[in-house]
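What follows is each chain in one-letter form.
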Amino acid sequence: MPDKKDKGSSGAVVAMFVILGAMAVWSLVSPEFLMSSLQAERAFAVAMGGTDSDRWIYSQSIAASMDFIKDSTSAIKDTQALPSMMKHWAQERVIVTWLWYSLITYRAYMLLLYFFILFPFVIAITMDGWGVREISMHRFSSQSPMKHRMGVIISNTTLIAIAIWIALPFPIPSVVAPLAIIAIGFSSWVWLSNLQKRI
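Notes on the structure in this doc start here. (Residues numbered from 1 in each chain as written. Predicted model: local features only at pLDDT ≥ 70, side-chain atom pairs only at ≥ 80, totals over all residues. Heavy atoms only, no water.)

**Concerning the overall build of the protein**
Test applied: Only DSSP runs of H or I reaching four residues or more are called helices, and only runs of E reaching two or more are called strands; each is numbered from the N terminus. Our radius of gyration is a C-alpha quantity, and the globule rule it is checked against amounts to 2.2 Å times the number of residues to the power 0.38. What makes two residues a contact is simply this: any of their non-hydrogen atoms within 4.5 Å. Here the Shrake-Rupley method, with its probe set to 1.4 Å, supplies the accessible areas, and only the displayed protein chains count as covering residues.
Helix and strand counts for the protein come out as 7 helices and 0 strands. Across the protein, helices and strands are ordered from the amino to the carboxyl terminus as α-α-α-α-α-α-α. The C-alpha radius of gyration of the protein comes to 22 Å, more than 25% above the 16 Å expected for a compact globule of 199 residues. Viewed in the frame of its principal axes, the protein has a C-alpha envelope of about 75 × 50 × 25 Å. Taking the contacts inside the protein whose residues are at least 6 apart along the sequence as the reference set, 87% of them involve residues at least 24 apart. A total of about 12,400 Å² of accessible surface is found on the protein, and carbon and sulfur atoms cover 72% of it.

**A short note on the packing of helix α5 (residues 84–138) against helix α6 (residues 145–167)**
Just so we agree on the cut-off: For helices, the fitted axis covers only the stretch in contact; all axes are lines through C-alpha atoms, and the angles between them, taken along N-to-C directions, range from 0 to 180 degrees. Roughly parallel covers angles under 35 degrees, roughly antiparallel covers those over 145, roughly perpendicular covers 65 to 115, and oblique covers all other angles. For this classification, Asp, Glu, Lys and Arg are treated as charged, while Ala, Val, Leu, Ile, Met, Phe, Trp, Tyr, Cys and Pro are nonpolar and the rest, including Gly, are polar.
Two elements in contact, α5 and α6, have axes separated by 8 Å at closest approach and are oriented at 140°. For the element pair α5 / α6, the angle class is oblique. Contact with α5, carried on its side by Trp100, Ile104, Arg107, Ala108, Met110 and Leu111, involves Ile162, Trp165, Ile166 and Ala167 of α6 and no other residues of that element. When its residues are assigned to classes, the contact of α5 with α6 shows 9 nonpolar, no polar and 1 charged.

**Re the packing of aromatic side chains**
Aromatic rings in a pair are described by how distant their centres are and how their planes are angled relative to each other. To keep it simple, the criterion reads: A pair of aromatic rings is counted whenever rings of Phe, Tyr or Trp (Trp by its six-membered ring) have centres within 6.5 Å, and the orientation is called stacked for planes under 30 degrees apart, edge-to-face for over 60 and tilted otherwise.
Enumeration over the complete set of coordinates arrives at 5 aromatic pairs. Taken together, the ring pairs in this structure connect Phe115, Phe116 and Phe119 into an aromatic cluster.

**A word on the nonpolar core**
Condition: Nine residue types can take part in a nonpolar core, namely buried Ala, Val, Leu, Ile, Met, Phe, Trp, Tyr and Cys, and a core is a set of them joined through side-chain atoms within 4.5 Å. Accessibility here uses a 1.4 Å probe with only protein chains present; expressed as a share of the type maximum, an area under 20% marks a residue as buried, one over 50% as exposed, and anything in between as partly exposed.
If you look at the biggest cluster of nonpolar residues, it comprises 18 residues, and the most contacted ones within it are Tyr106, Met110, Leu111, Trp165 and Ala177. Elements supplying a minimum of two residues to this core: α2 (31–49), α5, α6 and α7 (176–193). Per-element tally for this core: the top contributor is α5, with 8 residues. Beyond its immediate sequence surroundings of up to four residues, Leu111 is in contact with Ile162, Trp165, Ile166, Ala177 and Ile181. With 5 residues, the next largest nonpolar core counts Val29, Leu34, Val96 and Leu99 among its residues.

**Here's the deal with α7**
To be explicit about the condition: The length a helix should cover is 1.5 Å for every residue beyond the first.
Its 18 residues place the ends of α7 25 Å apart at the C-alpha level, agreeing with the 26 Å of an ideal helix rising 1.5 Å per residue. Ala177, Pro178, Ala180, Ile181, Gly185, Ser187, Ser188, Val190, Leu192 and Ser193 are the residues of α7 that are buried. If you follow the buried residues of α7, they end up packed against α2, α5 and α6.

**Overview of the pattern of salt bridges**
Cut-off, in case you're wondering: Salt bridges are defined by distance alone: a side-chain nitrogen of Lys or Arg within 4 Å of a carboxyl oxygen of Asp or Glu.
The final tally for this structure, using the stated rule, is 4 salt bridges. Two residues, Arg42 and Asp54, come together in a salt bridge whose shortest N-O distance is 2.8 Å. In this pair, Arg42 is assigned in helix α2 and Asp54 in helix α3 (residues 51–64), connecting sequence segments 12 residues apart.

**Thoughts on the side chain of Thr158**
Following the sequence through the fold, Thr158 ends up in helix α6. For Thr158, the residues in contact, after removing those within four places along its chain, are Ala180, Ala183 and Ile184.

What follows is the structure in structure tokens.
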């Protein structure tokens, strides 16, 4: 019980620092920096998948953020009554929020695109892992709990890395998206092929 409490408290501390760090970045980062990050992200996507992939990702991202754009416009109008210096900062924060949201949605749709492309691979390798487990059961050979745990760790680590990649405000090469999908497929194979006979 104390161990669980310690883990819970340490997780809460980490979450608090992450939130404070994100708020600090949000309050200091400039719209120009986020705009350059979004443009660099699009350049990465074009270099790896061509203009058609970038066009689809960007159009979906814009469509998903239309309501956010309308809210941002209203929020900028609401800042007109503020003092000059405060008004400039508040308007910049609204633009920063919109650009950061656009960067997040762009990466999310990029991940979705590569998931569609690599979906047959993920299904194939997952079914192969299940087949390996079934063969092992009929051969009466034991599965490895260590490899099973390794598959779970790889999967969880990949999901955390994806969340961090999507949220970071600076440009990161788009190769992260297909590598993450491949890592999920590999971890699923390791996890399933070493799944214990009795759950």
